[in-house]
Amino acid sequence: MFPRTRLLFLGALFLTALLMGGTSLLFNLYLQEVQGLTPLQAAWWMLPQMVAMILSANLGPWLYRHLSQRTVVLSMLSVMTAGFVLYVVAPVSDAGRPLVAIGGSLATFGIGAVFPILMDGVI
């Protein structure tokens, strides 16, 4: 792999790790502070993200075996971006809770699927 590609993968890896860590913390705080949920209720709303991470961590390498590396990375980063867009357009009312949960699941799915591939590309 060319050094330039490795550097791009390292930047994407850093960005995805930063975004995933930050959104996990902020999503939980959003549910508790803005939506007024208890910690247990907020944890229930985070379950779809956890399931999406488990599924995508197994799906990413499978996709990598059947598609090109570039296709998988770009498509999963697009899924992640779509999830973050849902964060932006979600209303602050109770009706926004499912939209934010879906956005978080999409973002987590995209990051979970691309993270092993980016790690492989950097190493």
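For the structure, see preceding data.
Residues numbered from 1 in each chain as written. Predicted model: local features only at pLDDT ≥ 70, side-chain atom pairs only at ≥ 80, totals over all residues. Heavy atoms only, no water.

Draft legend 1. The overall build of the chain, seen in detail. For the chain, the helix and strand inventory stands at 4 helices and 0 strands. Element order for the chain, N to C, with α for helix and β for strand: α-α-α-α. Each principal axis of the C-alpha distribution contributes one length, and for the chain these read about 50 × 25 × 25 Å. Each of the 123 residues in the chain was classed as buried or not, and the buried ones make up 36%. Just so you have it, the chain exposes about 7,200 Å², and 75% of that area is on carbon and sulfur atoms. (Helix = DSSP H or I, 4+ residues; strand = E, 2+ residues; numbered from the N terminus. Buried < 20%, exposed > 50% of the residue type's maximum accessible area, 1.4 Å probe, protein only. Areas by Shrake-Rupley, 256 points an atom, 1.4 Å probe, with all protein chains shown as cover.)

Draft legend 2. Local environment of the packing of helix α1 (residues 3–34) against helix α3 (residues 69–89). Viewed as axis vectors pointing N to C, α1 and α3 meet at an angle of 30°, and their least axial separation amounts to 13 Å. As judged from the angle between their axes, α1 and α3 are roughly parallel. Two packed elements cross with a definite hand, and for α1 against α3 that hand is left-handed. Here α1 contributes Phe-9, Thr-16, Leu-19, Thr-23 and Phe-27 to the contact with α3, which in turn contributes Gln-69, Val-73, Leu-77, Met-80, Phe-84 and Tyr-87. Taken together, the residues of the contact of α1 with α3 sort by class into 8 nonpolar, 3 polar and no charged. (Axes fitted to C-alpha atoms, helices over the stretch in contact; angles between N-to-C directions. Parallel < 35°, antiparallel > 145°, perpendicular 65-115°, else oblique. Left-handed = near helix turned anticlockwise from the far one by under 90°. Contact = heavy atoms within 4.5 Å. Nonpolar A, V, L, I, M, F, W, Y, C, P; charged D, E, K, R; others polar.)

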